[in-house]
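Here are the chains, one letter per residue:
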2 protein chains.
Amino acid sequence: MNNDLYIYNTLSRKKELFVPINPNHAGMYVCGPTVYGDPHLGHARPAITFDLVFRYLQHLGYKVRYVRNITDVGHLESDADEGEDKIAKKARLEELEPMEVVQYFSDRYHEFMGRLNVLKPSIEPRASGHLIEQIAMISKLVEAGIAYESNGSVYFDVEKYNQTKKYGILSGRVLEDLLANTRDLEGQDEKRNSFDFALWKKAQPEHIMRWPSAWSEGFPGWHLECSAMSTKYLGETFDIHGGGMDLMFPHHEAEIAQSTACNHKPPVKYWMHNNMITINGQKMGKSLGNFITLEEFFKGSHPALTQAYSPMTIRFFILQAHYRSQLDFGNEALQAAQKGFDKLMKAMLTIQKIAPQSTSTADIASLEKLCYEALNDDFNSPILIANLFEAVRIVNSAYDGKEKLTAEDISQLKKLFSTFAIEILGLLPEVDPAEGGKVVEGLMKLILEIRANARANKDWATSDRIREELAAVNISVKDTKDGATWSID
Amino acid sequence: MNNDLYIYNTLSRKKELFVPINPNHAGMYVCGPTVYGDPHLGHARPAITFDLVFRYLQHLGYKVRYVRNITDVGHLESDADEGEDKIAKKARLEELEPMEVVQYFSDRYHEFMGRLNVLKPSIEPRASGHLIEQIAMISKLVEAGIAYESNGSVYFDVEKYNQTKKYGILSGRVLEDLLANTRDLEGQDEKRNSFDFALWKKAQPEHIMRWPSAWSEGFPGWHLECSAMSTKYLGETFDIHGGGMDLMFPHHEAEIAQSTACNHKPPVKYWMHNNMITINGQKMGKSLGNFITLEEFFKGSHPALTQAYSPMTIRFFILQAHYRSQLDFGNEALQAAQKGFDKLMKAMLTIQKIAPQSTSTADIASLEKLCYEALNDDFNSPILIANLFEAVRIVNSAYDGKEKLTAEDISQLKKLFSTFAIEILGLLPEVDPAEGGKVVEGLMKLILEIRANARANKDWATSDRIREELAAVNISVKDTKDGATWSID
């Protein structure tokens, strides 16, 4: 089978054949969360997008080293290198040590990504754990004259970089335009130009997260960590860099500039960006009152939600859109996704019950080919899902006797579901333990009623049969003056 | 209620009243895993021991900062500062980047601790993430003349430390004896004395995990990380330091010496050590063929095990022994623990069914007092569990009509179980989803049989009732030529 994989490269604005730097190996870096708040949709979408990439590359036989960082220091409130560190601020408000905030929200992030069945990356480095690597990179840039110290902080000299390299190749922004749009911002006088970005920030006296350096006691700039950690674990040039579209500028642009100035080669071969999410057509934001955490989605505990949505509903919904399309979360669309997901999962049970025929009316091999074609076309999960629904249709028709499937067809269909739905899309049948309990309770209510009738009618055969069968599943019944009670032993 | 907590302090060899350094706050540091292999009983016991301490301190109202580290660099194969780094060796054998090994086994550790219902610590720092802090500490010790450089490595001068402070206060080892037992070991000539320990090791050319320092490109000694990280997150003197008894010497002894020499004060107020585990009376070891991972326990997939043991069975078994006693894992003892745990959990269901009486034959308040007394006596979990079994006896007797409980008694008993069994001991009823499925299948088999009989006897009332009740729990039945099939919608 032709399994040429095409990836849309933000750098070239077109789909390119994926050719890894080292045959059979793929290196991928994805910007992970800044851990100062509870996980939400803005975390779920990139995690699921690049989980699909990770899973499919592995399926194709690549040995993948997937690095996804945790930002636990240096991410300031404003992109203009101003404002408080997001984690330090949360720590101040909660009266905690910043690393307690980091631990709590990292754990929450892992918990919710696990519920979304997002695989763990191969390495999950933390910014605060790579100070030496970041300081070494800054020193190199200062020595090369592409970064300058100012009042204990160090900034990347964008204009100087732009003299020999081109700044803005990823986002398409042009330095002259950036310059024209410059406003004088308070406290920015440390910088030569407002578009210069911080590599190192001198810590204010009250700042807890601080480390010694040649320039000051301070902390690294946010953009720097990704360059330092991706270089350390994936090399000076690696295959794929992913992240949300909102990170393209300035974050990824800064990464390219830093790494190129430092290592004299482009850091990344394929840049991939997932598009943004909206809620009922609006950008998600705390001020808009539509900021919904994943926990609120799973519990249905936000006024904008008419019901709870399970992790798999959210995952399926995200995968039903192509990662480069905008995705709007609304109750109706989510309910439709829930139905679709249930239908898909149900077909995987129905297929177990189909009796094989000697002749066939279906062409499963062609369907499988279409599934691969969808994935090879820049991970087109909605097309893949449409093909899986064609498989669902075939299964249901065969179960109703309207199509004929051979034993070979059935086995191919099972493989199709397990490969594409479970292994690659990462969808899993959901078992709600509380639901299971409710079912058992409902069934036991019915059985005890039948038993009471049987005993009233002196139908000892039925009554004995019930006792026997209940004992087989370790349920014992006790007769009390208020009726029969039961327990699982 | 008098809730004076007494803790056995390894330092004084006696139980001491717990008086925290800062009122209402408790700081605790526990040595976590070196992440180069799958989690096993040697990980489970300290994790559960200090989970109990963490839970009880929180229950008493302390704001606890619990720091448990991950050792991801510097732990060599031999305590004599020789041999390969454990993680680097695993990485070499698996052809992985060391941090991939670290990530994989950290994730496995977290997964299995989660299944054992071990709470996450407040901060989980990694050794490799605190190079700067470790290097700063070494510099301080070198400047103070208590550490010396030798061939690019730096060693702690134990004899010099012993001139002004006493080395060996925790383990009771005497320097003169250590000196007498010294053998000349190959490659140890870098050290002035064989009992000196490494603070910094110069990296061999093939060593991947290396960082720059004033002495060499190298990596920190294992003992150092705990001193550096506990000081950073808990201060120069903190309340409780825990770990396995095997860490008392040289690891904890080295921590005390380093920190005291650096900060001129004792680092820890209360040292706590859990005792060791054995398997069928033998020390657990790979060479003895009795090295059993937690996964093997949970699956029963080791030749030494006659069956699988659930996470709660293992947790309950560990808590049934006091943490300072040796604990032997054998099949019979584990099966007894499983029965005991089931009995306890069952009583918590039985209590729901007891009809309150107007008079009482039980004294629950006294029982509660005994539970607190057990915990306050150095976390005596076996005595606590014995008291909970007295509560189980009362519940079962009341259910059988042999004791009388008022509504108030019943409410107190419920609180007793939820406080001591669930909240403090961290025991949880176990729901096996597969078991749940088996129960539903068994019940449905019975119901469809009854339905078939009813239909054969033209008993439409029963048949209708069954359809109705099944619909109420979303089960639909389909009649086929091979009999009725059912599915949950």
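Residues numbered from 1 in each chain as written. Chains lettered and ligands numbered in written order. Predicted model: local features only at pLDDT ≥ 70, side-chain atom pairs only at ≥ 80, totals over all residues.

A. Looking closely at the overall build of chain A. Looking only at helices and strands, chain A has 16 helices and 15 strands in total. Seen through its principal axes, chain A has C-alpha atoms that stretch 95 × 60 × 35 Å. Every one of the 489 residues in chain A was classed for burial, and the buried ones make up 44%. Sequence separation of at least 24 residues holds for 73% of the intrachain contacts in chain A that already meet a minimum separation of 6. (Helix = DSSP H or I, 4+ residues; strand = E, 2+ residues; numbered from the N terminus. Buried ≥ 20, exposed ≤ 12 C-beta atoms within 10 Å, placed from the backbone. Contact = placed C-beta atoms within 7 Å.)

B. Region of interest: the relation of the copies chain A and chain B. Rotating chain A by 180° and moving it 0.0 Å along the rotation axis overlays it on chain B with an RMSD of 0.2 Å. Classification of the inter-copy transformation places it as that of a two-fold axis. For chain A, the minimum C-alpha distance to the rotation axis belongs to Gly 129 of chain A and amounts to 1.7 Å. Interface overlap between copies: 98% of the residues of chain A at the interface are likewise at the interface in chain B, consistent with a symmetric, same-surface contact. (Least-squares fit on C-alpha atoms with pLDDT ≥ 70 in both.)

C. Spatial organisation of the packing of helix α11 (residues 331-350) of chain B against helix α13 (residues 381-399) of chain B. Residue and element names in this part refer to chain B. Packing of α11 against α13 leaves a shortest axis separation of 9 Å and a crossing angle of 45°. Relative to α13, the element α11 is oriented oblique. The handedness of the crossing between α11 and α13 comes out as left-handed. Touching Lys 343, Leu 344, Ala 347 and Thr 350 of α11 are Leu 388, Val 392, Val 395, Asn 396 and Tyr 399, all from α13. Of the residues contributing to the contact of α11 with α13, the split by class is six nonpolar, two polar and one charged. (Axes fitted to C-alpha atoms, helices over the stretch in contact; angles between N-to-C directions. Parallel < 35°, antiparallel > 145°, perpendicular 65-115°, else oblique. Left-handed = near helix turned anticlockwise from the far one by under 90°. Nonpolar A, V, L, I, M, F, W, Y, C, P; charged D, E, K, R; others polar.)

D. Structural detail: the environment of Ile 351 of chain A. On the secondary structure map, Ile 351 of chain A appears in the loop between α11 (331-350) and α12 (364-376). As for Ile 351 of chain A and Ile 394 of chain A, which are separated by 43 residues in sequence, their C-alpha atoms are 9.7 Å apart.

E. Structural detail: the sheet that holds strand β7 (residues 197-202) of chain B. Residues and elements named next belong to chain B. Strand order in this open sheet of four strands is β5-β6-β7-β8, and the pairing throughout is antiparallel. Each of the sheet's edge strands pairs with one partner strand only, and the pair in question is β5 (147-150) and β8 (218-220). For this sheet, the mean inter-axis angle between neighbouring strands, taken without regard to orientation, is 20°. Pairing of β7 with β8, which is carried by three bridges, proceeds in the antiparallel orientation. Following the sheet pairing, Lys 202 is matched in β8 by Gly 218. Helix α4 (residues 131-143) contacts β5, β6 (153-156), β7 and β8 of the sheet and is inclined by roughly 105° relative to β5. (Pairing = 2+ DSSP bridges.)

F. Spatial organisation of the sheet that holds strand β4 (residues 63-68) of chain B. Residues and elements named next belong to chain B. As summarised here, the arrangement of the four strands in space is β4-β3-β9-β10, forming an open sheet in which the pairing is parallel. On the outer flanks of this sheet lie β4 and β10 (268-274), each paired with one strand and no other. Along the sheet, successive strands turn relative to each other by an average axial angle of 20°, direction set aside. Bridging between strand β9 (residues 238-244) and β10 involves six bridges; their strand directions are parallel. The partner of Gly 242 across the bridge, within β10, is Met 272. The sheet strands contacting helix α7 (residues 222-234) are β3 (25-30), β4 and β9, and the helix crosses β4 at an angle near 155°.

G. Summary view of the interface of chain A and chain B. In this assembly, 42 residues from chain A lie in contact with 41 residues from chain B. Mapped by element, the contributors of at least two residues to the side of chain A that touches chain B are α3 (98-115), α4 (131-143), α15 (433-456), α16 (460-472) and β15 (483-488) of chain A.

H. Quick look at the domain arrangement of chain A. Residues and elements named next belong to chain A. Under the domain assignment used here, chain A contains domain 1 (6-274), domain 2 (279-424) and domain 3 (433-488). The C-alpha centroid of domain 2 is placed 33 Å from the C-alpha centroid of domain 1. For the side of domain 1 that touches domain 2, the elements supplying multiple residues, two or more each, are β1 (6-9), α1 (41-59) and α3. When residues of the side of domain 1 that touches domain 2 are assigned to their parent elements, the largest contribution, 11 residues, is made by α1. Looking at the side of domain 1 that touches domain 2 residue by residue, the class counts come to 12 nonpolar, six polar and five charged. (Domains from an automatic or database assignment.)

I. How the structure looks around the nonpolar core. One finds Phe 156 and Leu 199 of chain A together with Phe 156 and Leu 199 of chain B to be the most contacted residues of the largest nonpolar core, which totals 252 residues. With residues up to four places along the chain from it excluded, the contact list for Phe 156 of chain A reads Leu 141, Ile 146, Ala 147, Asp 196, Phe 197, Leu 199, Ala 254, Ala 257 and Gln 258 of chain A. Counting residues in each nonpolar core, the second largest holds 19 residues, with Val 439, Met 444, Ile 466 and Leu 470 of chain B among its members. (Core = buried A, V, L, I, M, F, W, Y, C linked by C-beta atoms within 7 Å.)

J. Seen up close, the packing of helix α12 (residues 364-376) of chain B against helix α14 (residues 407-424) of chain B. Residues and elements named next belong to chain B. For the pair α12 and α14, the least separation of the axes is 10 Å and the interaxial angle reads 15°. As far as their axial angle goes, α14 and α12 are roughly parallel. Along this stretch, α12 crosses α14, giving a crossing that reads as left-handed. In this structure, α12 uses Ile 364, Leu 367, Glu 368, Cys 371 and Leu 375 to contact α14, whose residues at the interface are Asp 409, Gln 412, Leu 413, Leu 416, Phe 420 and Ile 424. Considering only residue class, the contact of α12 with α14 consists of eight nonpolar, one polar and two charged.

K. Summary view of helix α8 (residues 248-263) of chain B. Most of α8 of chain B sits out of view: 13 of its 16 residues are buried. The first or second residue beyond α8 of chain B is His 264 of chain B, which carries a positive phi of 60°.

L. Fine view of α14 of chain B. Residues and elements named next belong to chain B. Here α14 spans 24 Å end to end across 18 residues, near enough to the 26 Å set by a 1.5 Å rise per residue. Taken together, the buried positions of α14 are occupied by Asp 409, Ile 410, Leu 413, Leu 416, Phe 417, Phe 420, Ala 421 and Ile 424. Residues of α14 that are buried in the fold lie against α1 (41-59), α11, α12 and α13. Phi turns positive one or two residues past the end of α14, at Gly 426, with a value near 70°. (Expected span 1.5 Å × (residues − 1).)

M. Geometry of the pairing of strand β10 (residues 268-274) of chain A. Most of β10 of chain A is tucked away: six of the seven residues are buried. For the handedness criterion, the β-α-β arrangement of strand β9 (residues 238-244) of chain A, helix α8 (residues 248-263) of chain A and β10 of chain A is classed as right-handed. (Right-handed = clockwise from strand over helix to strand, strands pointing away.)

N. Layout of unusual backbone geometry. Residue and element names in this part refer to chain A. At the junction of Phe 249 and Pro 250, the peptide bond is cis and its omega measures out at 0° in the coordinates. Here Pro 250 is to be found in helix α8. Of note in the backbone geometry, Asn 24 takes a positive phi value of approximately 70° without being a glycine. Note on placement: Asn 24 falls in the loop between β2 (14-17) and β3 (25-30). Judged by the 9 C-beta atoms lying within 10 Å of it, Asn 24 falls in the exposed class. Even without being a glycine, His 264 presents a positive backbone phi close to 60°.

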